[in-house]
Every structure is written in C-alpha cells, then in structure tokens.
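Here are the chains, one letter per residue:
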Amino acid sequence: MTAACPATGAEYLAEVHGGAAASSVFLGGVIAPTRRLALRWLHHQAHRLADALDPDPHTTHLPPHALRPTPRTAEHAPTQLRFWAADLTYAEEATDRLATGHPYRFTARQGPAWYQLTARPLHIPQTPSGRPRDGGGRTAAPPPRRQP
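All of these numbers come straight from a predicted model, not from anything done at the bench.

Visitor: What is the right way to read the nonpolar core from this model?
Guide: One recurring pattern in soluble globular proteins: nonpolar side chains tend to sit buried together. V16, L42, A46, L81, W84, F106 and L117 are the most contacted members of the largest nonpolar core, which totals 25 residues. The element that contributes the greatest number of residues to this core is helix 1 (residues 35-53), accounting for seven residues. Leaving out residues up to four positions away in the same chain, L81 has contacts with A46, L49, A50, L53, F106, A108 and L117.

Written out as structure tokens, the structure reads:
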C-alpha cells in the first residue's frame, strides 16, 4: 500500500483505457500518493499512447516500410493526446477537479476508437487513532521511528 497524502487522507487512482464501439481495454493504471504524481503518470501515458499510435517514421527499431502515411482528419487521437499532455490549461483543470474531490477524464477519439485518461481520488478511511486502514480493514502500521 502506498502512503496516502497526509493533508487529505487520499490517494489517487490514475488509469488508461482504450476501446471502440462496444469494447473497452484496460491499458494500465497506478495508485499515486498525490494528485500531481497521478497526473504526471497520465502525461507519460499520453505520450506513450501517442508514440505507439503515430511513431516517428525515422525510428530505427521499425522494419522498412512498416509505416504508411494516412490522411489527417479532424479526429487524430495521437495529436489530441500530445496536445493534452502539453497544454497547461488541461493540467490546471485536472488538478483543480482532483483537489475538490472530483474525478477527471480526458478522451481522445479517432473514428470509432477512443483512448481515455482518468484520475480520481481514493478516500482512505481513518481510524480513531488517525492512521489509515490497510486493504484488509486493519490499521496500517505507523512508520518506523528513526534511531538517533
């Protein structure tokens, strides 16, 4: 279990899903101790997805003629993902929503396919001692004391 943010008593779940029409695929997830770390992970995932969907044609690890040019449309998921990761307005919006306890979601679309980045707070119940409970309902052990 990761340590919850002491100020809010919350951890943050960040996930990436992709899909089309009636199907959805879990592409990864993480539990982060702060909303900023959860959003940083989502930014890395946005770049990872964009690079996987639209790799640099000069990449050396691809076989010759593996990539073929396609016409650009208004909906281009890799461009949307890269824009989201670089735009500070999106970062502020996501931070504000998470700070107020609300989930955040960004969806990039291309034709029938979609890619979704989500983050939400996980509120950790506190015990009367103020320590969070672990996943089994037991009180989590306090951190070890340092010896002088």
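Visitor: Would you explain the sheet that holds strand 1 (residues 10-20) in this entry?
Guide: Strands in a sheet are paired, the pairing made by backbone hydrogen bonds, and the direction either parallel or antiparallel. One open sheet accounts for four strands, arranged 2-1-4-3; its pairing is antiparallel. The open sheet has two edge strands, strand 2 (23-32) and strand 3 (104-110), and neither has a second partner. Across the sheet, the mean angle from the axis of one strand to that of its neighbour is 15°, orientation sign disregarded. As judged from the seven bridges shared by strand 3 and strand 4 (residues 113-123), these two strands associate in the antiparallel manner. Looking at strand 4, one finds that Y104 is bridged to A119. Helix 1 rests against strand 1, strand 2 and strand 4 of the sheet, and its axis sits at about 20° to strand 1. Each of strand 1, strand 3 and strand 4 touches helix 3 (residues 88-99); the most contacted strand, strand 3, lies at about 140° to it.

Thresholds applied
Residues numbered from 1 in each chain as written. Predicted model: local features only at pLDDT ≥ 70, side-chain atom pairs only at ≥ 80, totals over all residues. Heavy atoms only, no water. Core = buried A, V, L, I, M, F, W, Y, C linked by side-chain atoms within 4.5 Å. Buried < 20%, exposed > 50% of the residue type's maximum accessible area, 1.4 Å probe, protein only. Helix = DSSP H or I, 4+ residues; strand = E, 2+ residues; numbered from the N terminus. Contact = heavy atoms within 4.5 Å. Pairing = 2+ DSSP bridges. Axes fitted to C-alpha atoms, helices over the stretch in contact; angles between N-to-C directions.

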